[in-house]
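Secondary and tertiary structure notes
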Amino acid sequence: MLTKRIIPCLDIKNGRTVKGVNFVDLRDAGDPVELAEIYAKTGADELVFLDISATEEGRRTLADLVLRVAEKVNIPFTVGGGISSVEDVDILLQNGADKVSINSSAVKNPQLINDLVAKFGSQCIVVAIDAKEIDGEWIVHLVGGKVPTKLNLFNWAKEVEERGAGEILFTSMNHDGTKNGFANEALAKLSTELNIPIIASGGAGKISHFTDTFIDGKADAALAASVFHFKEISIKELKEELHRNAIPVRL
Amino acid sequence: MKIVIIDYGAGNIQSIKFAIQRLGYEAVLSHDVKEIKEADKVIFPGVGEASSAMKKLRASKLDSIIPELKQPVLGICLGMQLMCKSSQEGNTLGLGIFDVEVVKFPKTVKVPQIGWNQISNLKSKLFKEVKENEHIYLVHSYYAPVCKETIAQSDYAINYSAALQKDNFFGTQFHPEKSSLVGERILKNFLVHIN
């Protein structure tokens, strides 16, 4: 049976992890490779590296980082952040990334999704969507949720699927950082209306939030950062609890 | 041991090279016919779309070389699918090694299947010391139905072939190089226990 995935997300700047992580067993708390190896060993199903470097030099560091991660890590990983061309994706996949995630560049140029799918296949193209619920309507936002677009979340998600994306990573800006749980109503709607996997993101605070997003939110995978980095939730305990709730997981 | 990963411009071959490296072996990426023929073990990777991958194989004449290979060959993901008779993806003929037609998952499940599923009915040395129902990582929209060459099954909408074998040819729909310790064991079995 296909299992639900648990995905820690690492924010990367100039090849280093940002947002402190609270891993006493790390020799170098800023080294994404070391952190990734620990997550791979402790039951993460997949990893996401989100690059927030603002400079060209930072981006080049990312390609090197991908190569170093691929060398050490025996689970799949996705790389996102600032990817805007076929060439960007080519180098990341060549260096060993399993999937790439695009966000703003897809909104600005939706044809990019088709181009990437044609060249690399649906299976490695994830479209990340940040959205905020304003007066009852879910509006797609850019630049980490700061800039609103005119796009409705569900219409955009449908278009993304039609253009061939293999997966959607949906972050609710209303829930992100609150630790009050995922946006399960919107997630369930996405999961029902679309026929590609949906990754839930934004709002993880405790173990029951994951149970809820898999049951009520019908999510295929759940992503979180700080609850894992600060060891508020151990992936092992999380998966055992999911298993007790009859949610299929890889133990 | 000389291990060659066939490099024909389709796939995440770096990950396979690294996975073999983690097992203590070195693999060479090559599209050179002589080098491929002389290898002790050949790995045939592939991600992406079936008909365009077949075009690349035909362009480099690898489509006639691969079925003639005598040493153990392991096709991974699209590599395995291309070793079948045909694929619905882009309506293409395959290499015809496995006598099965690759078809698309029905709309009753999410497509592509992405994630960790289980393997069962294990029937080969490829799975030495691998337990029934272990989890492996897959990403695919098309599958090979269960057939006489099936050596492992997985379940997604239906039971399908998670791995195939005919003579010296092996194929896994899953990615051993991304399937954690279980995948490492399977890759190691291919390198050490399949001769």
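On a predicted model such as this, the values are computed, not experimentally measured, just so you know. (Residues numbered from 1 in each chain as written. Chains lettered and ligands numbered in written order. Predicted model: local features only at pLDDT ≥ 70, side-chain atom pairs only at ≥ 80, totals over all residues. Heavy atoms only, no water.)

A count of helices and strands for chain B gives six helices and 13 strands. In terms of overall dimensions, chain B has C-alpha extents of about 45 × 35 × 30 Å along its principal axes. Counting across all 195 residues of chain B, residues that qualify as buried make up 62%. On chain B, roughly 7,500 Å² of surface is accessible, and the fraction owed to carbon and sulfur atoms is 49%. One way to put it: in chain B the 24 positive side-chain charges average out to a point 1 Å from where the 20 negative ones average out. (Helix = DSSP H or I, 4+ residues; strand = E, 2+ residues; numbered from the N terminus. Buried < 20%, exposed > 50% of the residue type's maximum accessible area, 1.4 Å probe, protein only. Areas by Shrake-Rupley, 256 points an atom, 1.4 Å probe, with all protein chains shown as cover. Lys, Arg positive; Asp, Glu negative; His and termini not counted. Charge placed at Lys NZ, Arg CZ, Asp CG, Glu CD.)

Here, the residues flagged by UniProt with the feature "active site" (unreviewed entry) are Cys77(B), His175(B) and Glu177(B). A maximum C-alpha distance of 10.9 Å is found for the annotated residues, which run over 101 residues; spatially they form one tight group. You can see His175(B) is positioned in the loop between β13 (169–172) and α6 (180–192). When residues no more than four places from it in sequence are discounted, the contact partners of Glu177(B) are Asn74(A), Ser15(B), Ile16(B), Ala19(B), Arg22(B), Ile76(B) and Leu187(B). A polar contact of 2.8 Å, which involves the side chain of Glu177(B), links it to the side chain of His175(B). (UniProt positions renumbered as here; feature names shortened; annotations may be inferred. Contact = heavy atoms within 4.5 Å. Polar contact = N/O pair within 3.5 Å; in protein donor to acceptor, adjacent residues only side chain to side chain.)

Our next topic: the sheet that holds strand β4 (residues 73–76) of chain B. Residues and elements named next belong to chain B. Strand order in this open sheet of seven strands is β2-β1-β3-β4-β13-β12-β11, and the pairing throughout is mixed. Looking at which strands have only one partner, the edges of the open sheet turn out to be β2 (27–30) and β11 (150–156). Averaged over all pairs of adjacent strands, the angle between strand axes in this sheet comes to 25 degrees, irrespective of strand direction. Sheet analysis places β11 next to strand β12 (residues 158–166), joined by six bridges and oriented antiparallel. Among the inter-strand pairings, Thr150 is bridged to a residue of β12, identified as Leu164. Contacting β1 (3–6), β2, β3 (41–44) and β4, helix α1 (residues 13–22) crosses the sheet at an angle of about 165 degrees to β1. (Pairing = 2+ DSSP bridges. Axes fitted to C-alpha atoms, helices over the stretch in contact; angles between N-to-C directions.)

Attention now moves to the pattern of salt bridges. It is possible for side chains of opposite charge to pair when their charged atoms get near one another. Applying the stated criterion across every chain yields a total of 23 salt bridges over all chains. Residue Arg185(B) is joined to Glu129(B) by a salt bridge in which the shortest nitrogen-to-oxygen separation is 3.3 Å. Remark: Glu129(B) occurs in the loop between β8 (113–119) and β9 (134–140) and Arg185(B) occurs in helix α6; sequence separation between them is 56 residues. Residue Glu129(B) is classed as exposed on the basis of its relative accessible area, which comes to 62%. One salt-bridge network, in which partners are shared between bridges, spans Arg5(A), Glu46(A), Lys99(A) and Glu167(A). (Salt bridge = Lys/Arg side-chain N within 4 Å of Asp/Glu carboxyl O.)

On to the pairing of β8(B), then. All names here are of chain B. By the criterion of burial, β8 is predominantly enclosed, with six of the seven residues buried. Looking at chain direction, β8 and β9 are connected through seven bridges and run antiparallel. Within β9, the residue paired with Gln113 across the bridge is His140.

Let us look at the pairing of strand β6 (residues 125–134) of chain A. All names here are of chain A. Most of β6 sits out of view: seven of its 10 residues are buried. Judged from the six bridges that link them, β6 and strand β9 (residues 167–172) form a sheet pairing that is parallel. Residue Asp130 lies in a different strand from β9, and its bridge partner there is Thr171. Bridge count between β6 and strand β7 (residues 137–142): five bridges; the pairing is antiparallel. Looking at the pairing, Asp130 lines up with His141 of β7. Here β6 folds back onto β7, and the loop between the two strands holds two residues, one of which, Asp135, carries a positive phi near 50 degrees.

Residue and element names in this part refer to chain A. Buried within helix α3 (residues 86–94) are the following residues: Val89, Leu92 and Leu93. The arc enclosing the buried residues of α3, seen along the axis, measures out at 95 degrees, which places them on a common side. Of the surrounding secondary structure, the elements contacted by the buried residues of α3 are α2 (56–72), β4 (77–80), β5 (99–102) and α5 (111–120). Looking one or two places after α3, you find Gly96, whose phi comes out positive at around 115 degrees. (Arc of directions from axis to C-beta.)

With that out of the way, let us pick up the interface of chain B and chain A. In this assembly, 30 residues from chain B lie in contact with 37 residues from chain A. Across the chain B to chain A interface the summed buried area is about 2,600 Å²; carbon plus sulfur atoms make up 51%. Summed over the three residues of chain B that lose the most area to chain A, namely Lys110(B), Ile114(B) and Trp116(B), the buried surface amounts to 28% of that side. The tally of links from chain B across to chain A stands at two salt bridges. Note that Asp98(A) and Lys178(B) form a salt bridge whose closest N and O atoms lie 2.9 Å from each other. Of all the elements in the fold, those that place two or more residues in the side of chain B that touches chain A are α1, β8, β9, β11 and α6 of chain B. At six residues, the largest contribution of residues to the side of chain B that touches chain A is made by β8(B). Of the residues that constitute the side of chain B that touches chain A, the class distribution is 11 nonpolar, 12 polar and seven charged. (Buried area = accessible area lost by both parts, 1.4 Å probe. Nonpolar A, V, L, I, M, F, W, Y, C, P; charged D, E, K, R; others polar.)

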